[in-house]
Every structure is written in C-alpha cells, then in structure tokens.
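# Remarks on the overall topology
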Amino acid sequence: MNLIIMGLPGAGKGTQAERIIDAYHIPQISTGDMFREAMKNQTALGVEAKTYIDKGELVPDDVTNGIVKERLNQKDTDKGFLLDGFPRTIDQSNALEEIMSDLGKKIDAVINIHVEENILIDRLAGRFICKDCGATYHKLNHPPKVEGTCDRCGGHDFYQREDDKPEIVKNRLAVNVRDSAPIIEYYKEKGLLHTIDGNREIDAVFKDVQKIINSL
C-alpha cells in the first residue's frame, strides 16, 4: 500500500497523515525527514544535499530523487509508505515512476485533501496574538472568551504576524495551487487520484480516507 498525500496549507493533510500511519502502520516519508536522515547517516547523496542546504540553495532534483530512492528501498517500506511533500513537480513525478519501477513497486493511490481557498484563508489568516503577554488566539477556532480582551492578562492590544495576514496567506496559497495543479492532473490522468472534501470534521474526512485505502 504505497500512498501519496496532497493538500494545500490548512487543508488538514498533516492530521490525516497521522491518522493513516497510526491505523495502517506504514511510515510517513517527507522530503525534510529524508534529507535529515541522509545527512545524519552521511550517505553520499546526503553529504551532497548538505552542501546546497548549508548555502541556502535548493537541492537539485537528481540529488533529491536519489535520496527518495534510497529511502524507499529501506526495509520499513516493504508493506507500504505514505509520501508527503514529494513529488512537487512533473519532473519529480516522472522520476518517482522510474524509482518505483526500479524497486519493483508502484504507487497505489494519491489522496488529495481539498478545501476551497476562501475557507483556507479564513483558517490560516485567523490567528492573532496578545501584544502584552503573547497569548495566541484564532478568530474561528479559539477566540478570547470576551471579544477584544485577552483571557490570560486582560489586555486589549492584539496583532497579527506578517505571515498570518490575509494578503500574505492568499499569495502563499496561490503559489501552492499553481505548483500542485500539474501534479493533480498528472495523477488524475493515471487514474490514481482520489479527492476528498476536507471541509468537514476530522473523523468524517478520515472515514473517506479509509474507504479509499481499504478498497486497494
């Protein structure tokens, strides 16, 4: 059971990934984890990746793809895995297909957690912070008990971090939509894409995830 999970920031992809690995006992494999492990073990590709990361540069695809292949060839993936954050481009998607073929494996399903952008903006841009004590709130999920008054210190002065402001969130989502659209279409054409409505309770979303996985 070899899976890819996709979803825009705020769609709940991380929560569903945790549920999947707990329920099906397969490793979650993210690009960051792969890089850290390869660098920690000082594999040839890990050492090479570190030279780029230390300079703040993007790791080239050939190095990234090599690290992915090393990771997917490890014993703990024999019964399956959940890929998170890879592939990010069509070139990486094609490379992954070659990797899987070389390893005698295949991707069984791509699970895409979909939430409309306006809802994601509300989720991501809803956070605000008390300027006096640093307590964090969310206008939808965790507002102060008394509007305009901090629960912790009673202060009335709040602010938003720059990256939580609606215009910044909107731009970040637009970049993610642009980058993910070709990948979604790629797997849709292969008949592997399963899109789930993520604008529901976590349990309801996971039930749909389970239906997909159990049908494989």
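Residues numbered from 1 in each chain as written. Predicted model: local features only at pLDDT ≥ 70, side-chain atom pairs only at ≥ 80, totals over all residues. Heavy atoms only, no water.

## Here's the deal with the packing of helix H6 (residues 117-124) against helix H7 (residues 166-189)
In the contact formed by H6 and H7, the axes pass within 10 Å of each other and the chain directions differ by 135 degrees. Considering the angle they form, H6 stands oblique to H7. Our pair here, H6 against H7, has a crossing hand that is right-handed. Seen from H6, the contacting residues are Glu117, Leu120, Ile121 and Leu124; seen from H7, they are Val169, Lys170, Leu173 and Val177. Each residue belonging to the contact of H6 with H7 can be placed in one class, and the counts come to six nonpolar, no polar and two charged. (Axes fitted to C-alpha atoms, helices over the stretch in contact; angles between N-to-C directions. Helix = DSSP H or I, 4+ residues; strand = E, 2+ residues; numbered from the N terminus. Parallel < 35°, antiparallel > 145°, perpendicular 65-115°, else oblique. Left-handed = near helix turned anticlockwise from the far one by under 90°. Contact = heavy atoms within 4.5 Å. Nonpolar A, V, L, I, M, F, W, Y, C, P; charged D, E, K, R; others polar.)

## A short note on the UniProt feature "binding site: Zn(2+)" (unreviewed entry) in the protein
As recorded in UniProt, the feature "binding site: Zn(2+)" (unreviewed entry) lies at Cys130, Cys133, Cys150 and Cys153. Sequence-wise these annotated residues cover 24 residues; spatially they are packed, their C-alpha atoms never more than 8.7 Å apart. Its location among the elements puts Cys133 in the loop between strand S5 (127-130) and strand S6 (136-138). Other than its neighbours up to four places away in sequence, Cys133 contacts Cys150, Arg152 and Cys153. With respect to the helices and strands, the residue Cys153 is situated in the loop between S6 and strand S7 (158-159). The residues contacting Cys153, other than those within four sequence positions of it, are Cys130, Asp132 and Cys133. (UniProt positions renumbered as here; feature names shortened; annotations may be inferred.)

## Description of the sheet that holds S5
One open sheet accounts for three strands, arranged S6-S5-S7; its pairing is antiparallel. The two strands at the open ends of the sheet, each matched to only one other strand, are S6 and S7. Direction of pairing for S5 relative to S6: antiparallel, over a ladder of three bridges. Counterpart to Arg127 in the pairing with S6 is His138. (Pairing = 2+ DSSP bridges.)

## Comments concerning the layout of surface pockets
Taken as a whole, the largest pocket holds about 870 Å³ of empty space. Taken together, 35 residues line the largest pocket, and the ones lying closest to its centre are Gly85, Pro87, Arg88, Asn176 and Asp179. Counting only elements with at least two residues in the lining of the largest pocket, the list comes to strand S1 (2-7), helix H2 (31-40), helix H4 (61-72), strand S4 (109-114) and H7. Of the residues in the lining of the largest pocket, the class split is 18 nonpolar, ten polar and seven charged. (1 Å grid on protein atoms, 1.4 Å probe; cavity = no way out; pocket = protein on both sides within 12 Å on 5 of 7 lines; lining within 4 Å. Points joined across faces, edges and corners; volume = space filled by probe spheres on them.)

## Here's the deal with the pairing of S4
Burial runs high along S4: five of the six residues are buried. Sheet topology note: the S1/S4 ladder contains five bridges and is parallel. By the bridge assignment for S4, Met6 is matched with Asn112. Pairing analysis gives five bridges linking S4 to strand S8 (residues 193-197), with the strands arranged parallel. Bridging from a neighbouring strand, Ile111 pairs with His194 of S8. (Buried < 20%, exposed > 50% of the residue type's maximum accessible area, 1.4 Å probe, protein only.)

## So, the UniProt feature "binding site: ATP" (unreviewed entry) in the protein
Taking the numbering used here, the UniProt-annotated feature "binding site: ATP" (unreviewed entry) corresponds to Gly10, Ala11, Gly12, Lys13, Gly14, Thr15, Arg127, Thr136, Tyr137 and Arg200. The greatest C-alpha distance among the annotated residues, which extend across 191 residues, is 23.9 Å, indicating that they are dispersed rather than converging on a single site. From the set just named, the residues that line the largest pocket comprise Lys13. Here Gly10 lies in the loop between S1 and helix H1 (13-24). A relative accessible area of 32% means that Gly10 is categorised as partly exposed. Ignoring anything within four residues of it in the chain, the contact list for Gly10 reads Leu120, Arg123 and Leu124. Along the polypeptide, Gly14 turns up in helix H1. Overall, the relative accessible area of 39% leaves Gly14 in the partly exposed class.

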